[in-house]
Amino acid sequence: SIIDVGGGSGNFADAALELGFTNITVLDISAAALVQSQKRLGENSSRVKWVVSNILKFQPKKQFDFWYDRAVFHFLINPTDIERYVDLVSNSINPKGHFLLGTFSEHGPKKCSGLEITQYAEKEMKAVFKKSFKSLDCFTENHTTPFSTIQPFQFCGFQRKQTN
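To start, this report covers the structure provided alongside it. (Residues numbered from 1 in each chain as written. Predicted model: local features only at pLDDT ≥ 70, side-chain atom pairs only at ≥ 80, totals over all residues. Heavy atoms only, no water.)

Scanning the protein chain from N- to C-terminus turns up four helices and nine strands. When the helices and strands of the protein chain are placed in sequence order, the string is β-α-β-α-β-β-α-β-β-β-α-β-β. Its C-alpha radius of gyration of 15 Å places the protein chain within 12% of the 15 Å reference for a compact globule of 164 residues. Projecting the C-alpha coordinates of the protein chain onto the three principal axes gives extents of approximately 45 × 40 × 30 Å. Taken over 164 residues, the protein chain has a buried fraction of 45%. Accessible surface computed for the protein chain: about 9,200 Å², of which carbon and sulfur atoms make up 52%. Averaging the positions of the 19 positive and the 16 negative side-chain charges in the protein chain gives two centres separated by 5 Å. (Helix = DSSP H or I, 4+ residues; strand = E, 2+ residues; numbered from the N terminus. Rg over C-alpha atoms; globule rule 2.2 N^0.38 Å. Buried < 20%, exposed > 50% of the residue type's maximum accessible area, 1.4 Å probe, protein only. Areas by Shrake-Rupley, 256 points an atom, 1.4 Å probe, with all protein chains shown as cover. Lys, Arg positive; Asp, Glu negative; His and termini not counted. Charge placed at Lys NZ, Arg CZ, Asp CG, Glu CD.)

Here we come to the sheet that holds strand E3 (residues 48-52). Taken together, seven strands build an open sheet; the order of strands is E3-E2-E1-E4-E5-E9-E8 and the sheet is mixed. Looking at which strands have only one partner, the edges of the open sheet turn out to be E3 and strand E8 (133-144). Neighbour to neighbour, the strand axes of the sheet diverge by 15° on average, direction disregarded. The pairing of E8 with strand E9 (residues 150-160) spans eleven bridges and is classified as antiparallel. In the sheet register, His 143 faces E9, and the bridge partner there is Gln 151. The strands touched by helix H3 (residues 79-92) are strand E4 (64-70), strand E5 (93-104), E8 and E9; relative to E5, the strand with the most contacts, the crossing angle is about 145°. (Pairing = 2+ DSSP bridges. Axes fitted to C-alpha atoms, helices over the stretch in contact; angles between N-to-C directions. Contact = heavy atoms within 4.5 Å.)

See the structure below:
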């Protein structure tokens, strides 16, 4: 069971389907972005569950084996919202499930689409999720935007810790 948080018009679901995954959910705050993906996928769009929701209001009805978030978490700037997200992801991933998070790095922009963001270095990202997750691997990547600007991202992969 896979969820792409903030997947919008991205192609993560396309790639997951091509790899043979079948239990895929794409969540985004923008219905229009999800419609773009559905049109691109054509008949295959019926193989994906589409959810229009603000991540902070999302109430999953199941747990996921893999949670993917590229560029939602860094929009959370209020400590209460960050804590809500951490609780949500911690409670929404199966024991031993995995979580891949990508945010603007400390060298990235301070705003995105005119909105304030929170930048993360590897150390800070690990610290935010250390209670429920062990870090597996972290890396940086320079993303080239459609406007040919470079945006440095920090990614970390996590596995949910076993609880007794």
